Amino acid sequence: VLAQASGRSARRVSGAPLDIKGSMRLGAQVMSGSSPNVIGVLVGTDPVLSRQAVVLPAHVAHRGMRTGPSAAGVRKGAVDNAAGVSALLELARSFAKNPPKRSLIFAAVTGHEQGLLGTEYLLDIGFPRGLQPVAGINLDSPLVTFPFIDMAVHGASSTNLMPVVSQVLKRNRVGIN
């Protein structure tokens, strides 16, 4: 629009005074509170490999409670919270019936929107039972509205897990994005 008004091409438009004034006020509020992570461990069946763990995190906290006269209670995060935590719980239920060789750490972490606080805390305190994490599969925001035809596999190619990931995806007719 500015380019047309000035009669110049869009690449040659430069700034110009607008002869208007405005003001802005910024504010911040410091709050403290607690919100615990919920961690579950399924010990693997192999005596050696069970010391290693695949971490399955999903975040459980959205933005807390609404306050004020028009407050409607908990701020809901259906896609990123409810779907991810539901997937986490269903995986835990399924794996409990047929445990894998490696241990699994199911982590419902909190403080996601405040800077991944629950994840940072988990990393700071270490993993339960002294387990050594070897991979992580983030369960946040599963897109359940579309057919599951491909998967973004970040970091697996720099580990020895890529052949396993490729084999499982191929067996389930899922491509790698």
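Since this is a predicted model, take the numbers as computed values, not measurements. (Residues numbered from 1 in each chain as written. Predicted model: local features only at pLDDT ≥ 70, side-chain atom pairs only at ≥ 80, totals over all residues. Heavy atoms only, no water.)

A closer look at the overall build of the protein
Right, on to step 1. Helix and strand counts for the protein come out as 4 helices and 6 strands.
Right, on to step 2. Across the 177 residues of the protein, 22% fall into the buried class.
Right, on to step 3. Carbon and sulfur atoms provide 57% of the accessible area of the protein, an area that totals close to 13500 Å². (Helix = DSSP H or I, 4+ residues; strand = E, 2+ residues; numbered from the N terminus. Buried < 20%, exposed > 50% of the residue type's maximum accessible area, 1.4 Å probe, protein only. Areas by Shrake-Rupley, 256 points an atom, 1.4 Å probe, with all protein chains shown as cover.)

So, the pattern of salt bridges
Right, on to step 1. For the coordinates displayed, the defined rule picks out 1 salt bridge.
Right, on to step 2. Note that Arg 93 is salt-bridged to Glu 90, the shortest N-O span being 2.9 Å. Residue Arg 93 and its partner Glu 90 are both found in helix α2 (residues 78–97); the two are separated by 3 residues, about one turn of the helix.
Right, on to step 3. A residue is classified by how much of its surface remains accessible, and Arg 93, at 48% relative accessible area, is partly exposed. (Salt bridge = Lys/Arg side-chain N within 4 Å of Asp/Glu carboxyl O.)

Here's the deal with the nonpolar core
Right, on to step 1. Formed by Leu 42, Val 54, Leu 56, Ala 58, Val 85, Leu 88, Leu 104, Phe 106, Ala 108 and Leu 139, the largest nonpolar core amounts to 10 residues.
Right, on to step 2. Mapped onto this core, the elements with two or more residues apiece are β2 (52–59), α2 and β3 (103–109).
Right, on to step 3. Within the second largest apolar cluster, 8 residues are counted, among which are Val 55, Ile 105, Ala 107 and Leu 122. (Core = buried A, V, L, I, M, F, W, Y, C linked by side-chain atoms within 4.5 Å.)

Describing unusual backbone geometry
Right, on to step 1. With a phi angle near 55 degrees, Asp 19 is a residue other than glycine that sits in the positive phi range.
Right, on to step 2. Along the polypeptide, Asp 19 turns up in the loop between α1 (2–6) and β1 (38–42).
Right, on to step 3. When its relative accessible area of 77% is taken as the criterion, Asp 19 is described as exposed.
Right, on to step 4. Positive phi is not limited to glycine here, since Arg 173 has a value of about 55 degrees.

Topic: the side chain of Ser 50
Right, on to step 1. Mapped onto the elements, Ser 50 comes out in the loop between β1 and β2.
Right, on to step 2. For Ser 50, a relative accessible area of 13% gives the class buried.
Right, on to step 3. Reaching out from Ser 50, the side chain makes a polar contact with the backbone oxygen of Pro 47 at a distance of 3.4 Å.
Right, on to step 4. The contacts of Ser 50, once residues within four sequence positions are left out, are Val 43, Gly 44, Lys 101, Arg 102, Ser 103 and Leu 131. (Polar contact = N/O pair within 3.5 Å; in protein donor to acceptor, adjacent residues only side chain to side chain. Contact = heavy atoms within 4.5 Å.)

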